[in-house]
Amino acid sequence: MKKIIMKLADGRDLIYFDRDESAERDAPDLRPLDRVDSRPELRRDEATGDWITIASHRQARTYHPPAGECPLCPSRDGRLGEIPAADYEVAVFENRFPSLAGDAGRCEVVCFTPDHEAAFADLTPDAARLVLDAWTDRTAELSALPGVEQVYCFENRGAEIGVTLAHPHGQIYAFPFVTPRTAKMTAAAAAHRATTGRNLFEDLLAGARAAAERVVTAGEHWTAFVPYAARWPYEVHLYPHRRVADLTHLDEAERAEFPGIYLDLLRRFDRLFPVPGRPEGQAPTPYISAWHQAPRTGGAELALHLELFTVRRTADKLKFLAGAESGTEAFINDVAPEAAARRLREAL
């Protein structure tokens, strides 16, 4: 992998990742950009102890641009975007409208491919491996920044999720605090260790592998399964068989197998909801896919894993977080986990 670091016109970092060691990316950013006044503020909710980010400058961020004006496409034919090169493989840059910045963390955008019409599921295994390498690189770099407690790599896919740019991309947040879900997981893992003497996540993986009805697919180094108490209609967790803290600790065998397993999962998700008359008979499934990694503080028991879920419960119905879920965080799932796993196994 070759890594090339450049600067955008307003001083933000831009990083190209290429499989070809001879690749050259030297096109300058010719846009007349001023710096965005991005000063997010962290406030603690005294009732729960959770940190809330106030980022009012994000109201001005790019929102569903017209066709031909996507800022994540390569800069071609006189159209200038966030990526100055006329072509690229994977590109990462600091978000121009970040939720976290300065002492309050950092936000980056990860462009998976120059092809505006593609999806992550359309990538070749080699291209997906390059994205994994980029995630790993950014995890190592961002986790070393002063004040960063947790690095969170994720992809939002689909308008139903709230995506405002259709180009296939993800984001990375470097949080200056441990997020609420991660804090709950680390607390549960500590309690499990105190009670059983074992690691919670190793037991979750072992339990899923023993309960074959919840396994979706598995390889030599990874297993994808629906959790016993899934929160979302279709939710899959992907674990490496060897417990590691974060992406930087995966070995070469684990890295080599990941693309095939992950691409298989995404393609299964896209075949969940057949729609007559659509190409290949299915509707692209909106999803959130996210890596959960051990935080800097108190994360010794947490295991790296990916969580993939969709807000769609049928072809024409979405799972809305209404009164109970939004108001009390008490999830109610409409689909039995075992039935969801069976549907996903049959999807291909």
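Residues numbered from 1 in each chain as written. Predicted model: local features only at pLDDT ≥ 70, side-chain atom pairs only at ≥ 80, totals over all residues. Heavy atoms only, no water.

**Concerning the pairing of strand β1 (residues 2-7)**
Burial along β1 is one-sided: the residues Lys-2, Ile-4 and Met-6 are buried and none of Lys-3, Ile-5 and Lys-7 is. Here β1 hands over to strand β2 (residues 13-18) after five residues, with Gly-11 in that stretch at a positive phi of 95°. (Buried < 20%, exposed > 50% of the residue type's maximum accessible area, 1.4 Å probe, protein only. Helix = DSSP H or I, 4+ residues; strand = E, 2+ residues; numbered from the N terminus. Pairing = 2+ DSSP bridges.)

**Overview of the sheet that holds strand β12 (residues 287-292)**
Strand pairing within a sheet occurs via backbone hydrogen bonds; the two strands may be parallel or antiparallel. An order of β1-β2-β5-β6-β8-β7-β12-β13-β11-β10-β9 is seen for the eleven strands of this open sheet, with the pairing classed as antiparallel. The two strands at the open ends of the sheet, each matched to only one other strand, are β1 and β9 (215-218). Averaged over all neighbouring strand pairs, the angle between strand axes comes to 20°, with direction disregarded. Sheet analysis places strand β7 (residues 150-157) next to strand β8 (residues 169-175), joined by five bridges and oriented antiparallel. (Axes fitted to C-alpha atoms, helices over the stretch in contact; angles between N-to-C directions.)

**A few points about the pairing of β7**
For β7, a buried count of six out of eight residues is recorded, marking the element as mostly surrounded by other parts of the structure. Two elements, β7 and β12, share four bridges in a ladder whose sense is antiparallel. Along β12, the bridge assignment pairs Phe-154 with Ala-290.

**Quick notes on the packing of helix α2 (residues 180-196) against helix α3 (residues 200-210)**
Axis separation between α2 and α3 bottoms out at 8 Å; the angle between their running directions is 90°. As judged from the angle between their axes, α2 and α3 are roughly perpendicular. Along its contact with α2, which presents Met-185, Ala-188, Ala-189 and His-192, the element α3 presents Leu-200, Phe-201 and Asp-203. Grouping the amino acids of the contact of α2 with α3 by side-chain chemistry returns five nonpolar, one polar and one charged. (Parallel < 35°, antiparallel > 145°, perpendicular 65-115°, else oblique. Contact = heavy atoms within 4.5 Å. Nonpolar A, V, L, I, M, F, W, Y, C, P; charged D, E, K, R; others polar.)

**So, the nonpolar core**
If you look at the biggest cluster of nonpolar residues, it comprises 51 residues, and the most contacted ones within it are Phe-120, Trp-135 and Trp-291. When neighbours within four sequence positions are excluded, Trp-291 is seen to be in contact with Leu-132, Trp-135, Tyr-152, Cys-153, Trp-222, Leu-247, Phe-258, Leu-304, His-305 and Leu-306. With 16 residues, the next largest nonpolar core counts Cys-70, Tyr-88, Ala-91 and Val-109 among its residues. (Core = buried A, V, L, I, M, F, W, Y, C linked by side-chain atoms within 4.5 Å.)

**Structural notes on the pattern of salt bridges**
Tallied over the entire structure, the rule returns 35 salt bridges. Two residues, Arg-96 and Asp-10, come together in a salt bridge whose shortest N-O distance is 2.6 Å. In this pair, Arg-96 is assigned in the loop between β5 (90-94) and β6 (106-111) and Asp-10 in the loop between β1 and β2, connecting sequence segments 86 residues apart. Looking at Arg-96, the relative accessible area reads 17%, which means it is buried. The exposure class assigned to Asp-10 is buried, which follows from its relative accessible area of 5%. Bridged by salt links that share partners, the residues Lys-3, Lys-7, Asp-13, Glu-94, Arg-106, Glu-108, Asp-137, Arg-138 and Glu-141 form one connected network. (Salt bridge = Lys/Arg side-chain N within 4 Å of Asp/Glu carboxyl O.)

**Thoughts on the environment of Arg-31**
If you trace the backbone, Arg-31 turns up in the loop between β2 and β3 (41-44). Given the relative accessible area of 14%, Arg-31 is considered buried. In this structure Arg-31 touches Leu-8, Ala-9, Arg-12, Leu-80, Gly-81 and Glu-82, once residues within four positions along its chain are discounted. Within the local environment of Arg-31, its side chain forms a polar contact with the backbone oxygen of Gly-81, the two atoms lying 3.2 Å apart. Of the polar contacts made by the side chain of Arg-31, one reaches the side chain of Glu-82; its length is 2.7 Å. (Polar contact = N/O pair within 3.5 Å; in protein donor to acceptor, adjacent residues only side chain to side chain.)

**A word on the environment of Val-163**
Positionally, Val-163 belongs in the loop between β7 and β8. With a relative accessible area of 14%, Val-163 lands in the buried category. Distance from Val-163 to His-237, taken between C-alpha atoms, is 22 Å for residues 74 residues apart in sequence.

**Comments concerning helix α6 (residues 337-346)**
Every buried residue of α6 is listed here: Pro-337, Ala-340, Ala-341 and Leu-344. Buried residues of α6, seen end-on, are gathered within an arc of 100° and therefore sit on one face of the element. Looking at the buried side of α6, the elements it contacts are β9, β11 (234-240) and α4 (252-269). (Arc of directions from axis to C-beta.)

**Structural notes on unusual backbone geometry**
For residues other than glycine, phi is negative in most cases, and the peptide bonds are mostly trans. You will see that Asp-77, though not glycine, has its phi angle at about 55°, which is positive. Relative to the elements of secondary structure, Asp-77 occurs in the loop between β4 (51-54) and β5. Owing to a relative accessible area of 83%, Asp-77 belongs among the exposed residues under this scheme. With a phi close to 60°, Glu-329 is a non-glycine residue in the positive phi region. Looking at the element boundaries, Glu-329 is found in the loop between α5 (323-328) and α6. What makes Glu-329 exposed here is its relative accessible area of 53%.

**Comments concerning the packing of aromatic side chains**
Overall, the coordinates contain 19 aromatic pairs when judged by the stated rule. An angle of 45° between the planes, with centres 6.4 Å apart, marks the rings of Tyr-152 and Phe-175 as tilted. Of the two residues, Tyr-152 is situated in strand β7 and Phe-175 in strand β8; the sequence distance between them amounts to 23 residues. For Phe-175, a relative accessible area of 11% corresponds to the buried category. With 5.3 Å between their ring centres and 45° between their planes, Phe-225 and Tyr-239 make a pair best called tilted. One end of the pair, Phe-225, is in strand β10 (residues 222-225); the other, Tyr-239, is in strand β11, with 14 residues separating them in the sequence. In terms of burial, Phe-225 and Tyr-239 fall into one category: buried. Grouped by ring-pair contacts, the aromatic residues Phe-112, Phe-120, Trp-135, Trp-222, Phe-258, Tyr-262 and Trp-291 constitute a single cluster. Positioned over the ring face of Phe-331 is Arg-231, at 5.5 Å from the centre of the ring. (Phe/Tyr/Trp six-rings, centres within 6.5 Å; stacked < 30°, edge-to-face > 60°. Lys NZ or Arg CZ within 6 Å of the ring centre and 35° of its normal.)

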